[in-house]
Every structure is written in C-alpha cells, then in structure tokens.
Amino acid sequence: MTGTPGAATTGDGEAPERSPPCSPNYDLTGKVMLLGDSGVGKTCFLIQFKDGAFLSGTFIATVGIDFRNKVVTVDGARVKLQIWDTAGQERFRSVTHAYYRDAQALLLLYDITNKSSFDNIRAWLTEIHEYAQRDVVVMLLGNKADVSSERVIRSEDGETLAREYGVPFMETSAKTGMNVELAFLAIAKELKYRAGRQPDEPSFQIRDYVESQKKRPSCCSFV
Ligand SMILES: Nc1nc2c(ncn2[C@@H]2O[C@H](COP(=O)(O)OP(=O)(O)OP(=O)(O)O)[C@@H](O)[C@H]2O)c(=O)[nH]1
Ligand SMILES: [Mg+2]
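This write-up is about the structure you can find in this document. (Residues numbered from 1 in each chain as written. Chains lettered and ligands numbered in written order. Predicted model: local features only at pLDDT ≥ 70, side-chain atom pairs only at ≥ 80, totals over all residues. Heavy atoms only, no water.)

Applying the stated criterion across every chain, the model contains 16 salt bridges. Asp 119 is paired through a salt bridge with Lys 115; the nearest N and O atoms lie 2.8 Å apart. With Asp 119 and Lys 115 both in helix 3 (residues 115-119) and four residues apart, the pair spans about one turn of that helix. Judged by relative accessible area, Asp 119 falls into the partly exposed class, the value being 42%. (Salt bridge = Lys/Arg side-chain N within 4 Å of Asp/Glu carboxyl O. Helix = DSSP H or I, 4+ residues; strand = E, 2+ residues; numbered from the N terminus. Buried < 20%, exposed > 50% of the residue type's maximum accessible area, 1.4 Å probe, protein only.)

Printed below as a string of structure tokens:
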C-alpha cells in the first residue's frame, strides 16, 4: 500500500470525508490509526483484517498514509471503521502527525523480534500525548507472535509497559491472524459504548474485554 508523501491516497476509492449516503449501512463511524516503527507489520495487520490475507515476500514500506474502510457489527450496532495505515519511517512523521487529531483510536504496534521497535514505544506514546485527542483509545500490540524462534521481547515486558500506561495489550500475528480481528472489535465496542450507552447496558472495560478474549501464542521461547 503506497501513496504520495503528504497526500492521503484513496484506499477503497472512497473519499474519506464524504457525507454518509441517504441510507448508510452503518450506525456509527470511527477513525483508527495504525502506528509504530517501520517494518513492525502495520500494513500486513490491516490487510489481514480487511481481506483475511497475509502479504508475504518482499517488504514494501508504506509511503505517506493510506486508509481502508471496514464495517463490523458489535452488540447489534454496525460500526464503520476508517483505518489509517501510516508510514513508520521517520521522514514521514510530519505527514502523519496531521492525522492524529481526528483519530478516536490508535493501534500501536511493535515487533516481538525487534528490540528497538519495542524500545521506541515510549517515544511513540510521547508523540501520541502531544498530537492526539486526550481521550483517544490506545492499544499496544506485540506483532509477529508467530515467529517464536526469533522472539527478543517477552510477553510480560509488553504487559508491564501497557500496565504502566494504562492501555490494553496483546500479542498478535498479521501472518496467522491471531488477535487481529479482536483488536478492531474491541475498538469498535469501545466506540459504540462511548457513542451512547443504553440504560440497561453494562459498562464496558476495554482492558478487561481484551484480557478475557485474547489468544496467547501456543509456543513461547523465553528469553
Ligand atoms: N512472520 C510475520 N511476518 C510479518 C508479520 N507482519 C508483518 N510481517 C512481515 O514484516 C515485514 C513488514 O511488514 P509491513 O506490514 O509492510 O510493515 P509496516 O509496519 O507497514 O512498515 P512501514 O510501512 O514501513 O511502516 C513484511 O516483510 C511482512 O511480510 C507477522 O505477523 N508475522
Ligand atoms: Mg506499511
């Protein structure tokens, strides 16, 4: 997925800000951004969610920013997620900063086989604090959990960091699909809950939901 630096490409051939049609096939919308260092798997994560496929082979770094739409149904509500895939490379940072402000949710990825991508998470959280809305939903994801033989970041380290920042955490695989849909469903549930809680509806805690639903890698190599 590539585009021109500084310009959003039209992911599905749909204009991002287009007014809803007369009978929209969704009840509410939410903007989600994928963030994290280059190569952690953001584009693959989005393609796995959107198309159920994994882009193996040569790594093609995203240029600028791009988006895809997908409607998910949670608790009887159709939530249209507009998902922005950002370039992790430093040179595109100023482009992506401009998009933070509109996002309701941010999926922040690191690669469990790449220590620097994990070490940079604090810097990403500082950027989020600076550029995003104060009440933005943030989720920390340790991607490439299928590559257990090359693991350098323990699951516990991801959990500890997420707890420190008070955000939900899980390990994922854009290759096998592990926890990919769950990440977006949890966001959609949170957005639906925020949009208007019904009187008899129990409160929704995204961290508890993720903890109760997430799958753990079947095989772990401890480092
Ligand atoms: N084994 C495995 N490989 C993955 C996974 N996710 C991504 N990859 C591989 O990692 C490389 C980078 O993936 P991308 O999705 O392009 O990375 P990105 O975060 O979008 O990178 P930028 O666009 O530069 O920010 C590719 O070669 C993918 O095939 C995963 O979950 N498991
Ligand atoms: Mg990419």
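After that view, the rundown keeps rolling.
Reference values for angles at a metal are 109.5 degrees in the four-donor tetrahedral case and 90 or 180 degrees in the six-donor octahedral case. In this structure, Thr 43 (OG1) and Thr 62 (OG1) serve as the protein donors to the magnesium ion (ligand 2), at separations of 2.0 to 2.1 Å. Of this pair, Thr 43 sits in helix 1 (residues 42-51) while Thr 62 sits in the loop between helix 1 and strand 2 (65-74), placing them 19 residues apart in sequence. (Donors = N, O, S within 2.8 Å, 3.2 Å for Na, K, Ca; no water.)

With that settled, consider the site of ligand 1. The local shell around ligand 1 holds 24 residues, among which Ser 38, Lys 42, Thr 62, Gly 88 and Asp 146 are the closest. Between ligand 1 and the protein, one listed contact pairs an oxygen atom with a backbone N or O atom of Gly 39 at 2.9 Å. In this structure, Asn 143 approaches ligand 1 through a side-chain N or O atom, which is 3.3 Å from a nitrogen atom. Calculation on ligand 1 without its partners gives an accessible area of 660 Å², and the protein chains cover 91% of this total. Ranked by residue count, the leading element in the shell around ligand 1 is helix 1, at three residues. Across the shell around ligand 1, the residue classes break down as nine nonpolar, 10 polar and five charged. (Near = heavy atom within 4 Å. Polar contact = N/O pair within 3.5 Å; in protein donor to acceptor, adjacent residues only side chain to side chain. Areas by Shrake-Rupley, 256 points an atom, 1.4 Å probe, with all protein chains shown as cover. Nonpolar A, V, L, I, M, F, W, Y, C, P; charged D, E, K, R; others polar.)

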